[in-house]
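Summary of the model geometry
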Amino acid sequence: MSAPVLAAYSYCEAITGQQARNFAYGIRLLPTPKRRAMSALYAFSRRVDDIGDGTLAPDVKAARLEDTRALLARVRDRSVAEDDTDPVAVALSHTADHFPVPLDGLDELIDGVLMDVRGETYETWDDLKVYCRCVAGAIGRLSLGVFGTEPGARGAERAPEYADTLGLALQLTNILRDVREDAEDGRTYLPADDLAKFGCSAGFDGAHPPAGSDFAGLVHFEVRRARALFAEGYRLLPMLDRRSGACVAAMAGIYRRLLDRIEREPEAVLRGRVSLPGREKAYVAVRGLSGLDARHVSRRTIRRRA
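The sections below set out a description of the structure shown in this document. Given the structure is predicted, the values throughout are model-derived calculations rather than measurements. (Residues numbered from 1 in each chain as written. Predicted model: local features only at pLDDT ≥ 70, side-chain atom pairs only at ≥ 80, totals over all residues. Heavy atoms only, no water.)

Some remarks on the state of the cysteines
Spelled out, the test is: We call a pair of cysteine sulfur atoms a disulfide whenever their separation is within 2.5 Å. Burial classification: accessible surface area is computed with a 1.4 Å probe over protein chains only, and a residue below 20% of its type maximum counts as buried, one above 50% as exposed, and the rest as partly exposed.
Going through the model one piece at a time under the given rule, you end up with zero disulfides. No disulfide involves Cys200; its sulfur sits 18 Å from that of Cys132, the nearest cysteine. Accessibility expressed as a relative area gives 0% for Cys200, which makes it buried.

Re the packing of helix H4 (residues 58-76) against helix H5 (residues 87-98)
Let me state the cut-off plainly: Each axis is a line fitted through C-alpha atoms, and for a helix only the stretch in contact is used; angles between axes span 0 to 180 degrees, taken between their N-to-C directions. Secondary structure elements follow DSSP: runs of H or I of four or more residues count as helices, runs of E of two or more count as strands, with numbering from the N terminus. To sort the angles, those under 35 degrees are grouped as roughly parallel, those over 145 as roughly antiparallel, those from 65 to 115 as roughly perpendicular, and the leftovers as oblique. Handedness of each helix crossing follows the sense of rotation of the near helix against the far helix: counterclockwise by less than a right angle gives left-handed, clockwise gives right-handed. Residues count as neighbours in contact if any of their non-hydrogen atoms are within 4.5 Å of one another. The nonpolar class holds Ala, Val, Leu, Ile, Met, Phe, Trp, Tyr, Cys and Pro. Asp, Glu, Lys and Arg form the charged class, and all remaining residues, Gly among them, are polar.
It is at 9 Å that the axes of H4 and H5 come closest, and there the two elements cross at 40 degrees. Accordingly, the angle class assigned to the pair H4 and H5 is oblique. In this structure, H4 crosses over H5, and the sense of that crossing is right-handed. Counting all contacts with H4, which are made through Leu71, Leu72 and Val75, the residues of H5 involved are Ala89, Leu92 and Ser93. Of the residues assigned to the contact of H4 with H5, the class counts are five nonpolar, one polar and no charged.

Thoughts on the pattern of salt bridges
Our working rule: One side-chain nitrogen of Lys or Arg within 4 Å of one carboxyl oxygen of Asp or Glu is enough to make a salt bridge.
This structure, assessed with the given rule, holds 29 salt bridges. One salt bridge in this structure joins Asp194 and Arg225, with 2.9 Å as the shortest N-O distance. Of this pair, Asp194 sits in helix H10 (residues 192-197) while Arg225 sits in helix H11 (residues 215-233), and the two are 31 residues apart along the sequence. Through salt bridges with shared partners, a single network forms among Glu66, Arg69, Arg76, Asp104, Asp107 and Asp111.

Focus on helix H7 (residues 125-147)
Along an α-helix, a turn takes 3.6 residues, which lines up residues three or four apart on a common side. Applied cut-off: What we call the bend at a residue is the angle made by axes fitted to the seven residues finishing there and the seven residues starting there.
Where H7 bends most, at Arg133, the angle is about 50 degrees. In the segment just after H7, Gly148 is the residue with positive phi, at about 70 degrees.

Here's the deal with the environment of Gly206
Relative to the assigned elements, Gly206 resides in the loop between H10 and H11. Note on Gly206: relative accessible area 16%, which makes it buried. Spatially, the C-alpha atom of Gly206 lies 7.4 Å from that of Arg180, the residues being 26 residues apart in sequence.

Observations concerning the packing of aromatic side chains
This is how it is decided: Working definition: rings of Phe, Tyr and Trp (its six-membered ring) pair if their centres are within 6.5 Å, and the pair is stacked with planes under 30 degrees apart, edge-to-face with planes over 60 apart, and tilted otherwise. The criterion is that NZ of a Lys, or CZ of an Arg, lies within 6 Å of the ring centre and within 35 degrees of the ring normal, and then a charge sits over that ring.
Under the defined criterion, the tally for this structure stands at five aromatic pairs. Judged by centre distance (6.3 Å) and plane angle (80 degrees), the ring pair of Phe230 and Tyr234 falls under edge-to-face. On the basis of relative accessible area, Phe230 is assigned to the buried category, the value being 2%. You can call Tyr234 buried: its relative accessible area is 4%. By way of ring pairs, the aromatic residues Tyr122, Tyr131 and Tyr189 are connected into one cluster. Looking at Arg256, its charged tip hangs above the ring of Tyr234, at a distance of 4.8 Å from the centre.

In structure tokens form, the structure reads like this:
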């Protein structure tokens, strides 16, 4: 690996370590080439998210997102030189040369962030799934391009579907965790028909639920939906090699534990961001490395087939 490419990956890994609180715990478990590739994907995705979350006017955000799409086209066309001044582009181009990552997934991410810029809301879960697939399911499929599946893994043709579903589970957990923060930014992600069903259409502009609402009922309803997505997405684990499976199990395990906390105390999400302490994240990472989750899924799949 040339010095410019190595420096570009180091830059991406620094961004990942500084900004990816939960993601970084998982990718530490990967061998160096895969860890670097995941950092490149994260750094590009972070750039897209930062544009969407920034304070620029919507038209300026849209223009910058299209500039980022043009950069992605250069990566896709293999026209980024190793000494290019953009280290993220250099690292992502090297990753695309060495792993079968579906770069169209990053186009989907840009499409999803453009939905945020336009201030789109979602009437139904089917509507919200379109957004979640863009901003999270696509990342799951991109990551699978880095992980790969084990030779001869049973049902491996469905691996992209499971990776996509796991992304949806993580994104729905994010939406529940950030419901107050998103409301303060003028964003509502939960489906309008779910909000209406539980008397929460007035939104979440304070530390308490809307008067007369069944906020706990809403949260528990969405938690059940997320758990079903996790259960389906976890079927990916036995298809991966040990360290890739550990990475996925660690990242997903952290979010599942967040979901447990949210379920136990729904109104906590209205008072601030629910998070896990570092020691608990480390425990989840060790559990993932042990392969316990993958073996559990394998046993459950075998029982289902029997």
